[in-house]
Amino acid sequence: VLFRILTNNRLNVVDKVKDIVNRDAGVFPVEEPNQLIALNEKIDWHNYKYINKDKARTGPGEQGRPAYLNTNEQKNYDKLYKVNGFNAALSDKIALDRAVPDIRHEGCKSKKYLKKLPTVSVIVPFHNEHWTTLLRTATSVVNRSPSHLLKEVILVDDCSTKDFSRKPLDDYLAANLTKVRAIHLPERSGLIRARLAGAREATAEVLIFLDSHTEANVNWLPPLLEPIAQDYRTCVCPFIDVVQYETFEYRSQDEGARGAFDWEFYYKRLPLLPEDLKHPTEPFKSPIMAGGLFAISTKFFWELGGYDEGLDIWGGEQYELSFKIWQCGGQMYDAPCSRVGHIYRKYAPFPNPGKGDFVGRNYRRVAEVWMDEYAQYLYNRRPHYKNLDTGDISKQKALRKSLNCKPFSWFMKTIAFDLPLKYPPIEPGDFGTGEIRNLGAPELCVDSMRKDRDGVVGIQECAKGTGKKADQNFTLTWHKDLRVRGKTLCFDVSDPNDKADVTLYPCHGSQGNQYWKYNVEKQWFVHGGNPRCLDCDPGKKRLYVTTCDENSKTQKWRFENVNLT
Ligand code: UD2
Ligand code: MN
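Predicted model, so just to flag it, every value in this text is computed and none were measured.

**Section: the packing of aromatic side chains**
1) Next: Considering all chains together, one arrives at 33 aromatic pairs under this definition.
2) Next: Where F261 meets F265, the ring centres are 5.6 Å apart and the plane angle is 90 degrees; that geometry is what we call edge-to-face.
3) Next: Residue F261 is classed as buried on the basis of its relative accessible area of 0%.
4) Next: Measuring from centroid to centroid gives 5.2 Å for F525 and F559, while their planes differ by 65 degrees, and the two rings are edge-to-face. In this pair, F525 is assigned in strand β24 (residues 524-527) and F559 in strand β27 (residues 557-562), connecting sequence segments 34 residues apart.
5) Next: The exposure class assigned to F525 is buried, which follows from its relative accessible area of 0%.
6) Next: Three or more aromatic residues joined by ring pairs form one cluster here, namely F261, W263, F265, Y319, F323, Y363, Y374, Y377, Y385, F408 and F411.
7) Next: Against the face of W410 rests K406, its NZ or CZ located 4.3 Å from the ring centre.

Put into structure tokens, the structure is as follows:
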């Protein structure tokens, strides 16, 4: 045996022994020593026969190309758009087993994975999902997974009211997709309890959760499973690609990023770390999952108590599970070589099922149980959370104690260490506020002109007296954007030409076209990385940006309150 280890394997004996010890802590059967080599053997998992068949496909939406309805197909467009929040009529025109483009990093195409990987149960909760997007999810999973690894796909019907959701669905699955079955919940339970219901039925070694409008891409499974095979206390997320809600075009979101949140609990992304960039096909650590798409070992999921059952309908569960995984001894990765497309809806079509602010209640539950003193930063921004009734959280607190989980400060300092740089828990003060008055024409002030998104802003007579005009009140924030007071609209210049208009656009907080500095000494408002100065034509009452000029009087502005500290 030793001879075989030394000759056939690059790992040395010490590594081998470590490997056995690690594996011993895991769920998967420990092999006899004479099978050591087989345990670490890696193989090419690609299904080339299927991949080549896919490559030959033509038709609407094939290869992930954008598709369109022709005029006589338009009749269902509005009706289906309204109830789904995406172009469901178009979905009906695209094959359930359409080919998607293989947009993985080139290095993924030759990557090998452990020959011995755990089995999988895929769990898909759905409430009123459209027929073809739901079935495309199931079809893509069945077709693009090695059949001996895929034990079952469980569609959890969260009490849908669309008429096909019960018997027609069961019949379709029985006739066409034998590995897929549906369970029907007797009452609307929300996505969290629906996932739990699916997980309770699941029989495989790994649970994979997907949204009900997704498409699994080429060889998606092995990269999700290998890190779990190596250490069962691991959760792995695929890269989530974008299936465009209007055309069903399949494209990537970006080059990958680490998951995070801001202090209003919006899901955010942090840049990859330098060492992640060095190995673009290797899984990298991610503080927070997006929520819908991930793989976790069944054993670890239940050790963590699954999800908090008190989380209702939608929202917050991605934070609960991510905090739990990290704080309670696990780890979470994003795997660049596993890709799954997801329809990011244009809007959520579901009416609130009469449950009030369930998102707020969920957030508060998660914050109270897991975030310690950091919960206050959320409450500072959303003071009403303090008045929401979380219900009983004693079970969650007891779980945290019994698992001996680390404090939130550990998570922030060790795992999400760069989050506060981008999303400071305490926002620094504004640089300046109030009226912006021109010095070349001192009776004129910058004015948002009652405009909305995409509107061009200008200059007007300065408002007088205490009840000053709201349209002449601006804030230069610590994000270095210039906001219309009380709105989330920012001064934005996208035109690179001289005398470019200033328009209003939703604030994105990442500078670029919305980057402004106030030069106190020169009294300039300087825009952008290629600096241009805010200027105006008092005669035509036009506001624009142009080359900065020391001699110009109309480029000088008095900003009412400037914070000099
Ligand atoms: C994101 C996640 C989603 C979930 C959510 C926060 C991704 C791509 N999506 O929003 O998985 O983490 O954030 O909670 O990461 N559903 C039910 N019952 C309900 C409501 C929804 O079964 O009462 C199903 C729904 O059909 C879908 C899944 O839950 O399969 C997620 O809902 P979504 O697609 O509306 O959430 P999304 O993608 O906006
Ligand atoms: Mn979704």
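Here the narrative resumes, following the displayed structure.
**Let's talk about the UniProt feature "domain: Ricin B lectin" (unreviewed entry) in the chain**
1) Next: Mapped onto this numbering, the UniProt entry gives "domain: Ricin B lectin" (unreviewed entry) at residues 433-560.
2) Next: Note that residues 433-560 is 0% helix and 41% strand, and that its end C-alpha atoms are spaced 6 Å apart.

**As for the packing of helix α14 (residues 358-370) against helix α16 (residues 394-402)**
1) Next: For the pair α14 and α16, interaxial distance at closest approach is 9 Å and the crossing angle is 35 degrees. Of the two possible hands of crossing, α14 and α16 adopt the one that is right-handed. Along its contact with α14, which presents R365, E368, V369 and W370, the element α16 presents Q396, K397 and R400.
2) Next: Classifying every residue of the contact of α14 with α16 by side-chain character gives two nonpolar, one polar and four charged.

**Regarding the nonpolar core**
1) Next: Core analysis: the largest hydrophobic core is formed by 59 residues, its most contacted members being F261, F323, M371 and F411.
2) Next: Per element, the largest residue contribution to this core is six residues, and it comes from helix α9 (residues 190-201).
3) Next: Discounting residues that sit within four places of it in the chain, M371 has contacts with W263, F265, F323, V366, L378, R400 and F408.
4) Next: Membership of the second largest hydrophobic core comes to 40 residues, among which are C108, V206, A216 and L293.

**Some points on the site of ligand 1**
1) Next: Close to ligand 1 lie 22 residues, the nearest being D158, S212, G315, E317 and R345.
2) Next: The contact in question runs from an oxygen atom of ligand 1 to an N or O atom on the side chain of D211, over 2.8 Å.
3) Next: At 2.7 Å from an oxygen atom of ligand 1 is found a side-chain nitrogen or oxygen belonging to R345.
4) Next: Protein chains bury 91% of the 740 Å² of accessible surface belonging to ligand 1 in isolation.
5) Next: Secondary structure elements with two or more residues in the shell around ligand 1: β3 (120-126), α9 and α13 (317-327).
6) Next: Counting residues per element, the shell around ligand 1 draws most heavily on α9, which supplies three residues.
7) Next: Of the residues belonging to the shell around ligand 1, the class tally is seven nonpolar, nine polar and six charged.

**Considering the state of the cysteines**
1) Next: For the coordinates displayed, the defined rule picks out five disulfides.
2) Next: Two residues, C445 and C462, share a disulfide whose sulfurs are 2.1 Å apart. One quick way to see it: the torsion about the S-S bond of C445 and C462 is about 95 degrees, and its sign makes the bridge right-handed. Of this pair, C445 sits in strand β16 (residues 444-447) while C462 is found in the loop between β17 (458-461) and β18 (474-476), placing the two residues 17 residues apart along the sequence.
3) Next: Judged by its relative accessible area of 7%, C462 is buried.
4) Next: Covalently, C490 is tied to C507 through a disulfide, its sulfur atoms 2.2 Å apart. Note on the C490 and C507 pair: the S-S dihedral is about 100 degrees, so by sign convention the disulfide is right-handed.

**Notes on the sheet that holds strand β26 (residues 542-546)**
Where strands meet in a sheet, backbone hydrogen bonds hold them as pairs that are either parallel or antiparallel.
1) Next: Pairing is antiparallel across the open sheet formed by five strands, whose spatial order is β21-β26-β25-β24-β23. The sheet terminates laterally at β21 (500-501) and β23 (516-519), the two strands that pair on one side only.
2) Next: Direction of pairing for β23 relative to β24: antiparallel, over a ladder of four bridges. Directly across from W516, in β24, lies its bridge partner H527.

Cut-offs and rules
Residues numbered from 1 in each chain as written. Chains lettered and ligands numbered in written order. Predicted model: local features only at pLDDT ≥ 70, side-chain atom pairs only at ≥ 80, totals over all residues. Heavy atoms only, no water. Phe/Tyr/Trp six-rings, centres within 6.5 Å; stacked < 30°, edge-to-face > 60°. Buried < 20%, exposed > 50% of the residue type's maximum accessible area, 1.4 Å probe, protein only. Helix = DSSP H or I, 4+ residues; strand = E, 2+ residues; numbered from the N terminus. Lys NZ or Arg CZ within 6 Å of the ring centre and 35° of its normal. UniProt positions renumbered as here; feature names shortened; annotations may be inferred. Axes fitted to C-alpha atoms, helices over the stretch in contact; angles between N-to-C directions. Left-handed = near helix turned anticlockwise from the far one by under 90°. Contact = heavy atoms within 4.5 Å. Nonpolar A, V, L, I, M, F, W, Y, C, P; charged D, E, K, R; others polar. Core = buried A, V, L, I, M, F, W, Y, C linked by side-chain atoms within 4.5 Å. Near = heavy atom within 4 Å. Polar contact = N/O pair within 3.5 Å; in protein donor to acceptor, adjacent residues only side chain to side chain. Areas by Shrake-Rupley, 256 points an atom, 1.4 Å probe, with all protein chains shown as cover. Disulfide = S-S within 2.5 Å. Pairing = 2+ DSSP bridges.

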